Amino acid sequence: MKLNSLSVGYNKCGQDFFDLLKIYRPFIYSYFFHPFHGENFEDRYPENFLKNLQDLNTYNIQANILFNFLREDNYQTIYKIVSELLENQKINLTQITLCSLETAEKIKKNFPQLETHLTVHYSSIYAFKNLVGIFDVVNLSGIYDFNNFEKIQELKSLGIKVKYILNKGCIINRQSNYLDFVDREKIDCDFCHQACLSLSKRFPWLKLARCVYFKEMIDRYFKMIDIWKLPTREVPLSSLQQDLHYYCIEKKTSFLEDLQLSDLSYPIFLEWLDSKVNNCKGFCKDCNICKNFYERLINADKS
């Protein structure tokens with residue numbers, strides 16, 4: 001993991017969260033938070049949450065405020081919240097995540113000092129050439145763009161930074177893949193009902209089809225990514241600490257799901273990474289990459 005490349009979600013653990021980020025400060029690009037956190041996404045000023053956040057010692061780490069759903073894209077609300085945060089100067093607000101060109105243009109005009117990020121929820125509806133000068137960073141998700149190097153290169157060629165989400169639970173191309181294995185009309189992903197986890201329990205090899213960017217994968221194949229977004233979903237601080245230690249400190253991956261990687265299985269793990277990055281098309285039912293490597297990995301120490 002490169003220095004100054006991790007954006008970490010605030011998990012409402014108060015000062016302990018920022019004390020933890022301070023330990024890994026050289027790797028931290030920013031922390032991000034939702035201004036309607038705990039307010040059921042209602043269109044009103046979440047005074048208590050923001051007041052409590054501003055009372056903490058954030059060690060001047062850059063902050064990214066998220067307005068990443070269209071129903072929240074009310075410019076007057078955004079303007080009020082951002083203006084007060086900048087005026088108070090209690091947190092180091094330098095970035096804002098938005099979902100529309102129209103709002104981003106207004107932000108650029110009124111708050112030119114802020115780095116503008118296009119949310120992943122709307123990163124596929126705009127031609128990238130139309131984002132130049134309006135959005136500085138585009139969020140991409142490995143769920144749909146796991147190894148989309150053409151899209152990455154296009155953004156980089158336009159001078160736009162690329163941020164990828166370190167999503168660890170979802171299966172790549174989850175909607176299509178889920179329906180290929182389960183007789184249902186749709187998969188319910190709203191606020192994550194862990195459908196992908198349930199599916200991988202039925203088909204254990206699908207654990208390898210989950211959208212995980214291992215540190216070896218990042219270092220070998222994704223060095224061009226500018227920022228890695230680490231969601232927290234209010235995970236316990238102990239889990240966040242494990243993730244930060246893995247990406248920032250550990251030399252190599254020791255566990256793959258529930259499988260400990262040995263001297264025999266680790267080379268197979270690296271071979272699988274190479275095959276997955278270079279050959280995965282996102283349609284698991286028609287592909288045996290993860291299925292075949294899963295069998296090799298679990299049997300590596302039995303021979």
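Please refer to the structure placed before this passage.
As a starting point, this report considers the structure included with it. Because the structure is a prediction, the values reported are computed rather than measured.

What follows concerns the overall build of the protein chain. From N to C terminus, the protein chain includes twelve helices and ten strands. For 303 residues, the compact-globule estimate of 2.2 N^0.38 gives 19 Å, and the C-alpha radius of gyration of the protein chain, at 20 Å, lies within 12% of that figure. C-alpha extents for the protein chain along the principal axes are approximately 65 × 40 × 35 Å. A separation threshold of at least 6 residues defines the contact pool for the protein chain, and within that pool the share at least 24 residues apart is 69%.

The subject of this paragraph is the environment of K276. Turning to its location among the elements, K276 is positioned in helix α11 (residues 265-279). The sequence separation of K276 and L297 amounts to 21 residues, and the corresponding C-alpha distance is 14 Å. Filtering out sequence-adjacent residues up to four positions away, K276 remains in contact with F146, N147, I172, L208, A209, R210, I289 and C290. In terms of polar contacts, K276 uses its side chain to reach the backbone carbonyl oxygen of R210, at 3.2 Å.

Every buried residue belonging to helix α1 (residues 15-23) is among F17, F18, L20 and L21, and all of these are buried. Considered in projection along α1, the buried side chains sweep an arc of 155° and stay on one side of the axis.

For the rest of this paragraph, the subject is the pairing of strand β1 (residues 6-9). By the alternation rule, side chains of β1 split into L6 and V8 and S7 and G9, which are all buried. As paired strands, β1 and strand β2 (residues 28-33) are joined by four bridges and run parallel to one another. When the sheet's bridge partners are listed, L6 is paired in β2 with I28. The handedness of the β1 to β2 crossover, carried by α1, is right-handed. When β1 meets strand β8 (residues 227-230), the two strands line up parallel, connected through three bridges. Following the sheet pairing, S7 is matched in β8 by K229.

About the criteria used
Residues numbered from 1 in each chain as written. Predicted model: local features only at pLDDT ≥ 70, side-chain atom pairs only at ≥ 80, totals over all residues. Heavy atoms only, no water. Helix = DSSP H or I, 4+ residues; strand = E, 2+ residues; numbered from the N terminus. Rg over C-alpha atoms; globule rule 2.2 N^0.38 Å. Contact = heavy atoms within 4.5 Å. Polar contact = N/O pair within 3.5 Å; in protein donor to acceptor, adjacent residues only side chain to side chain. Buried < 20%, exposed > 50% of the residue type's maximum accessible area, 1.4 Å probe, protein only. Arc of directions from axis to C-beta. Pairing = 2+ DSSP bridges. Right-handed = clockwise from strand over helix to strand, strands pointing away.

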